[in-house]
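Residue-level structural notes
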Amino acid sequence: MTRVEASSSAVANQSGTTRTGEQPVEVVIVTGLSGAGRGTAAKVLEDLGYYVADNLPPELIGRMVELGESADPPIRKLAMVMDVRSRFFTGNLSAVTEQLRSAGVRTRILFLEASDDVLIRRYGFARRRHPLQSESADGTLTAGIAAERARLASVKTAADLVIDTTALSIHQLHRKLEEAYGGATPTALHLTIQSFGFKYGVPLDADMVLDLRFLPNPHWVPELREQTGQDAAVSEYVLSRPGAQDYLGTGRHLIDLTTEGYRQEGKRYMTVAVGCTGGKHRSVAMAEALGDLLGADANNGAGDVVRVVHRDLGRE
C-alpha cells in the first residue's frame, strides 16, 4: 500500500502528434444489449479512473477528447456509454473509431450481451420498458430484444471485447472489466483511516469502527493535554499503554482481511473510523500508527493507497 498525506509517457493530440511525458488518451465505447450491464460497466470504469459520459452523440466524441486534454488536470481516460437509441448506430461505427485512432487516441469498443431469457427476467425485476419494445410489431418485450439484437449485430462484430453476462454475477463482471481496463493495478483499493470523537458522532460512511476509549486518556495528563496524537509525546504515551500494541496489530489484521474481501467483491473504497472521546489524542495516535503500518506494506502488490484524515482534530 502507498501512504498519502491528507491536508502523463506520451499522448497524441488531434493532429496525431505526440507530447512526451504525458499519459496516452484512452477512450472506451461501452455498448450492447439493453439489460446486459452497461450501467454496471460504467460504474466500474468510473472507479477505475475513467470520466464517463452517457449517450453522447458520436459527433461530439472528438470534441470531448479535446475538452479532456485541455482540462486542468487533463482527462486522459474517457468512457462513452452508447445504447440503441443513440444516433451512433445510424452512422458508421468503424469511421468514428478510425477517426479517433488516426488522431492517436487509443479507442476500444466493449459490447455487453446476454441471453433472451435472462434479459427478460432482468426487465421483469426492474419493471422497465425496453427501448425498442414500442417499435416492434406486437409491442412485446421479446420482439423488442430481437429487434435490438439485429440492429446491433454489426456493432458486436466491430467490438474489441464482447462479454456475455448471462451467467455472470455483478462481482464477476467487475473482475472481468478490471482485468481488461484496470491497467497494472486492477485490484487497487483506496483506504481512508479517519480519526473521530465519539462525542461528535460516528462517521456515517464508516465501513469499520475501532474504539480507543479503553486506553487511558492523555487529556488527564497535564503536560499532554494541549498536545495531540500527532505529537510524539502523546503518540508514545498512547501506544505504550497495556493492550495498545495488541489492538494495533489486531486492527491491522482485520483491515487486511476486510480489504482482501472487498477486492473479491469488487469494492474499491473503504473507510476505517478510529474513535476516542474527543478525537484529539488516542484516536489520532492510533490512526497515524495504522496509516504508517498499512502504507509501508509493499508486499501485497495491489497498489493500494492509504489516506489518513482527522475529522475532529482541533474541533474542541
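Look a little higher up for the structure.
Figured I'd write up the structure that's included with this text. Note that the structure is predicted; figures quoted are calculated from it, not measured.

**Side note on the overall build of the chain**
Of regular secondary structure, the chain possesses 10 helices and 12 strands. In the chain, which comprises 316 residues, the proportion classed as buried is 47%. Entry remark: accessible area of the chain is about 15600 Å², with carbon and sulfur atoms responsible for 51%.

**With respect to the environment of Phe111**
Inspection of the secondary structure assignment puts Phe111 in strand E7 (residues 106–113). In this structure Phe111 comes out as buried when scored by relative accessible area, which is 2%. C-alpha of Phe111 to C-alpha of Leu152: the two residues are 41 residues apart in sequence and 9.5 Å apart in space. Not counting chain neighbours up to four residues away, the residues in contact with Phe111 comprise Thr31, Gly32, Leu33, Leu152, Val155, Lys156, Ala159, Leu161, Val162 and Ile163.

**A word on the nonpolar core**
Residues Val27, Val30, Met80, Leu110, Leu112, Leu177 and Tyr181 are the most contacted members of the largest nonpolar core, which totals 45 residues. With 29 residues, the next largest nonpolar core counts Val234, Tyr262, Val272 and Leu290 among its residues.

**Observations regarding the side chain of His310**
You can see His310 is positioned in strand E12 (residues 305–310). Among the polar contacts listed, one links the side chain of His310 to the side chain of Ser195, at a separation of 2.8 Å. At 2.7 Å, the side chain of His310 and the side chain of Glu288 are in polar contact.

**Regarding the packing of aromatic side chains**
A complete count under the given rule lists 2 aromatic pairs for this structure. Between Phe214 and Tyr247 the ring centres are 5.0 Å apart and the planes differ by 45°, which places this aromatic pair in the tilted class. Placement of Phe214 in the loop between strand E10 (208–211) and helix H8 (232–239) and of Tyr247 in helix H9 (residues 244–265) is noted, with a sequence separation of 33 residues between them. Overall, Phe214 belongs to the partly exposed group, its relative accessible area being 44%.

Thresholds applied
- Residues numbered from 1 in each chain as written.
- Predicted model: local features only at pLDDT ≥ 70, side-chain atom pairs only at ≥ 80, totals over all residues.
- Heavy atoms only, no water.
- Helix = DSSP H or I, 4+ residues; strand = E, 2+ residues; numbered from the N terminus.
- Buried < 20%, exposed > 50% of the residue type's maximum accessible area, 1.4 Å probe, protein only.
- Areas by Shrake-Rupley, 256 points an atom, 1.4 Å probe, with all protein chains shown as cover.
- Contact = heavy atoms within 4.5 Å.
- Core = buried A, V, L, I, M, F, W, Y, C linked by side-chain atoms within 4.5 Å.
- Polar contact = N/O pair within 3.5 Å; in protein donor to acceptor, adjacent residues only side chain to side chain.
- Phe/Tyr/Trp six-rings, centres within 6.5 Å; stacked < 30°, edge-to-face > 60°.

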